[in-house]
Amino acid sequence: MSTQGLDEFAGWVEGLMRARGYDIDSPRGGGKSRIADEAGVHRAAVTRLLQRQSMPDLETMRRIAPLLGVSVRDMLIRSGRVTPEELPLAADLLPPGDWQPTMEDFARWLGVPDERMDVFVKVVTQFLEPEPEAEGGAIPTVAEARRAAQD
């Protein structure tokens, strides 16, 4: 971590601390001690960061982030320890809203081996397709059965 990176990160954290009402500027303001106490970290870790001596460790960031109203993810990215690509948001990992998974997708998620994929798809598809009734018609869906019962 470069001195400039530490300085930028510490400046960002200072701004968050001030915005949350911690008096970190006056020697007797108690802000540094209050932050350390509320976060459950050593006061020295807060002091070292604010004096641009060292970057806090992961556990310190994890404990301070909620007090400052930011996510641990944001703290880690701002610190330069990870990039947004290395720590994506959960929403970034989701498929598009109009995407419909295939039987093969489900098989992969369940860990079905490739050599058994065809069998899996065939068996599961049989359960999903409506079966003809003895009279030659399809089995009604739940919604159709409810409507018929109401009539």
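Right above here is the structure, for reference.
This write-up is about the structure you can find in this document.

Once that is clear, we can look at the environment of Gly11. Looking at where Gly11 falls in the secondary structure, it is placed in helix H1 (residues 3-19). Residues Gly11 and Leu50 lie 39 residues apart in sequence; the distance between their C-alpha atoms is 7.9 Å.

With that settled, consider helix H8 (residues 117-128). A rise of 1.5 Å per residue sets the reference length of H8, with its 12 residues, at 16 Å; its end C-alpha atoms lie 17 Å apart and thus fit the reference within 8%. All of the buried residues along H8 are Met117, Phe120 and Val121. Around the axis of H8, the buried residues are gathered within 95 degrees of arc, so they sit on the same side. Along H8, exposed side chains directed more than 90 degrees from the buried face belong to Asp118, Val119 and Lys122. Contact partners of the buried residues in H8: helix H7 (103-110).

What follows deals with the environment of Ile35. Within the secondary structure, Ile35 sits in helix H2 (residues 31-39). Using a relative accessible area of 0% as the deciding quantity, one classes Ile35 as buried. Remark: the alpha-carbon pair of Ile35 and Tyr22, spanning 13 residues in sequence, is separated by 7.4 Å. In this structure, Ile35 is in contact with Met17, Tyr22, Ile24, Val46 and Leu67, ignoring residues within four places of it in sequence.

Counting across every chain of the model gives 9 salt bridges. A salt bridge links Asp7 to Arg52; its shortest N-O distance comes to 2.7 Å. Of the two residues, Asp7 is situated in helix H1 and Arg52 in the loop between helix H3 (43-50) and helix H4 (58-68); the sequence distance between them amounts to 45 residues. We classify Asp7 as partly exposed; its relative accessible area is 40%. Here Arg108 ties to Asp105 by a salt bridge, and the two come within 3.4 Å at their closest N and O atoms.

The subject of this paragraph is the nonpolar core. Core analysis: the largest hydrophobic core is formed by 24 residues, its most contacted members being Phe9, Val13, Met17, Val46, Leu68 and Met75. Of all the elements in the fold, those that place two or more residues in this core are H1, H2, H3, H4 and helix H5 (72-79). Residue contributions to this core peak at 7 residues, all from H1. Setting aside residues no more than four positions away along its own chain, Phe9 makes contact with Leu49, Met55, Pro56, Met61, Met75, Arg78 and Ser79. By size, the runner-up hydrophobic cluster in this structure holds 5 residues, among which are Ala107, Met117, Phe120 and Val121.

Turning our attention to the packing of H2 against H3. Direction vectors running N to C along H2 and H3 enclose 130 degrees, while the axes themselves pass 8 Å from each other. Between H2 and H3, the angle falls in the class oblique. In this structure, the crossing between H2 and H3 has a hand that is right-handed. In this structure, H2 uses Lys32, Ser33, Ile35 and Ala36 to contact H3, whose residues at the interface are Arg43, Val46, Thr47 and Leu50. Residue composition of the contact of H2 with H3, grouped by class: 4 nonpolar, 2 polar and 2 charged.

So, how was this worked out
- Residues numbered from 1 in each chain as written.
- Predicted model: local features only at pLDDT ≥ 70, side-chain atom pairs only at ≥ 80, totals over all residues.
- Heavy atoms only, no water.
- Helix = DSSP H or I, 4+ residues; strand = E, 2+ residues; numbered from the N terminus.
- Expected span 1.5 Å × (residues − 1).
- Buried < 20%, exposed > 50% of the residue type's maximum accessible area, 1.4 Å probe, protein only.
- Arc of directions from axis to C-beta.
- Contact = heavy atoms within 4.5 Å.
- Salt bridge = Lys/Arg side-chain N within 4 Å of Asp/Glu carboxyl O.
- Core = buried A, V, L, I, M, F, W, Y, C linked by side-chain atoms within 4.5 Å.
- Axes fitted to C-alpha atoms, helices over the stretch in contact; angles between N-to-C directions.
- Parallel < 35°, antiparallel > 145°, perpendicular 65-115°, else oblique.
- Left-handed = near helix turned anticlockwise from the far one by under 90°.
- Nonpolar A, V, L, I, M, F, W, Y, C, P; charged D, E, K, R; others polar.

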